[in-house]
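Listed below are the residues making up each chain.
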Amino acid sequence: MMKAKIRHILSFAMAFLVLFSTLSFTVDMHFCGKQLVDFGLYKSAKTCGMATMNTTMGDQMDMDMGCCSDFNLVQQGQDDWKINLENISFGNHYFIATFISNYIELFQELNKIAPPNAEYPPPLLVQDVIILDQQFLI
């Protein structure tokens with residue numbers, strides 16, 4: 001019962017490990033000055049409109065338009081899950097084979113052998129030896 005629960009927990013944890021190691025995502029943020037204007041996960045962030053305002057007004061604006069900045073964070077997931085067995089040395093092959101065979105043997109149930117004295121009953125108690133010798137724990 002306990003082994004089954006541990007096995008389910010470990011398999012669930014390994015499934016999440018594989019899922020999150022292969023997950024790719026993109027975070028896009030638009031800052032106007034030091035203030036976060038928009039945040040986009042898996043999409044581009046909307047701008048504050050300062051860049052379009054600069055192009056429509058032309059040279060009439062004397063404001064510094066370098067205050068806006070975009071920050072993009074792209075996390076690429078791991079796509080290569082193939083194991084190339086040609087790069088593994090003989091010692092590693094030997095270790096892997098030994099480990100797998102010993103791991104499988106851990107979960108095989110051993111034959112239940114009855115103890116050799118199971119057929120013989122204990123001797124009958126004629127007198128209580130502790131009371132006969134008067135040895136009491138105090």
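Remember, it's a predicted structure, so these values are computed and weren't measured experimentally.

A. Structural detail: the overall build of the protein chain. Scanning the protein chain from terminus to terminus reveals four helices and three strands. When its helices and strands are written in sequence order, the protein chain yields α-β-β-α-β-α-α. Across the 138 residues in the protein chain, those meeting the buried criterion constitute 7%. By sequence separation, contacts in the protein chain at least 24 residues apart represent 48% of the contacts at least 6 residues apart. Carbon and sulfur atoms form 63% of the exposed surface of the protein chain, whose accessible area is close to 13,200 Å².

B. Structural view of the side chain of His30. Relative to the helices and strands, His30 is located in strand E1 (residues 25-32). The exposure class assigned to His30 is buried, which follows from its relative accessible area of 4%. In this structure the side chain of His30 is engaged in a polar contact, spanning 2.5 Å, whose partner is the side chain of Asp70. With near-sequence residues (within four places) excluded, His30 lies in contact with Gln35, Leu36, Val37, Asp38, Ala45, Lys46, Thr47, Cys48, Cys68, Ser69 and Asp70.

C. A look at the pairing of strand E2 (residues 35-41). Across six bridges, E1 lies against E2 in antiparallel orientation. Across the sheet, residue Met29 finds its bridge partner in E2, namely Phe39.

D. The sheet that holds E1, seen in detail. Pairing in this open sheet of three strands is antiparallel, and the strands run E2-E1-E3 from one edge to the other. Among the strands making up the open sheet, the edge pair consists of E2 and strand E3 (68-75). Direction aside, neighbouring strands of the sheet carry axes that sit 15° apart on average.

E. Fine view of the confidence of the model for the protein chain. Averaged over all residues, the pLDDT of the protein chain equals 78, while 85% of them reach at least 70. Ranking the helices and strands of the protein chain by mean pLDDT puts helix H1 (residues 2-22) first, with 88, and helix H2 (residues 50-57) last, with 59.

F. Layout of the state of the cysteines. Tallied over the entire structure, the rule returns zero disulfides. There is no disulfide at Cys32, and the cysteine sulfur nearest it, in Cys68, is 3.7 Å away.

G. Focus on unusual backbone geometry. Despite not being glycine, Gln134 shows a phi value in the positive range, around 55°. Counting through the fold element by element, Gln134 comes out in the segment after helix H4 (129-133).

Quick notes on the rules
- Residues numbered from 1 in each chain as written.
- Predicted model: local features only at pLDDT ≥ 70, side-chain atom pairs only at ≥ 80, totals over all residues.
- Heavy atoms only, no water.
- Helix = DSSP H or I, 4+ residues; strand = E, 2+ residues; numbered from the N terminus.
- Buried < 20%, exposed > 50% of the residue type's maximum accessible area, 1.4 Å probe, protein only.
- Contact = heavy atoms within 4.5 Å.
- Areas by Shrake-Rupley, 256 points an atom, 1.4 Å probe, with all protein chains shown as cover.
- Polar contact = N/O pair within 3.5 Å; in protein donor to acceptor, adjacent residues only side chain to side chain.
- Pairing = 2+ DSSP bridges.
- Axes fitted to C-alpha atoms, helices over the stretch in contact; angles between N-to-C directions.
- pLDDT = per-residue confidence, 0-100.
- Disulfide = S-S within 2.5 Å.

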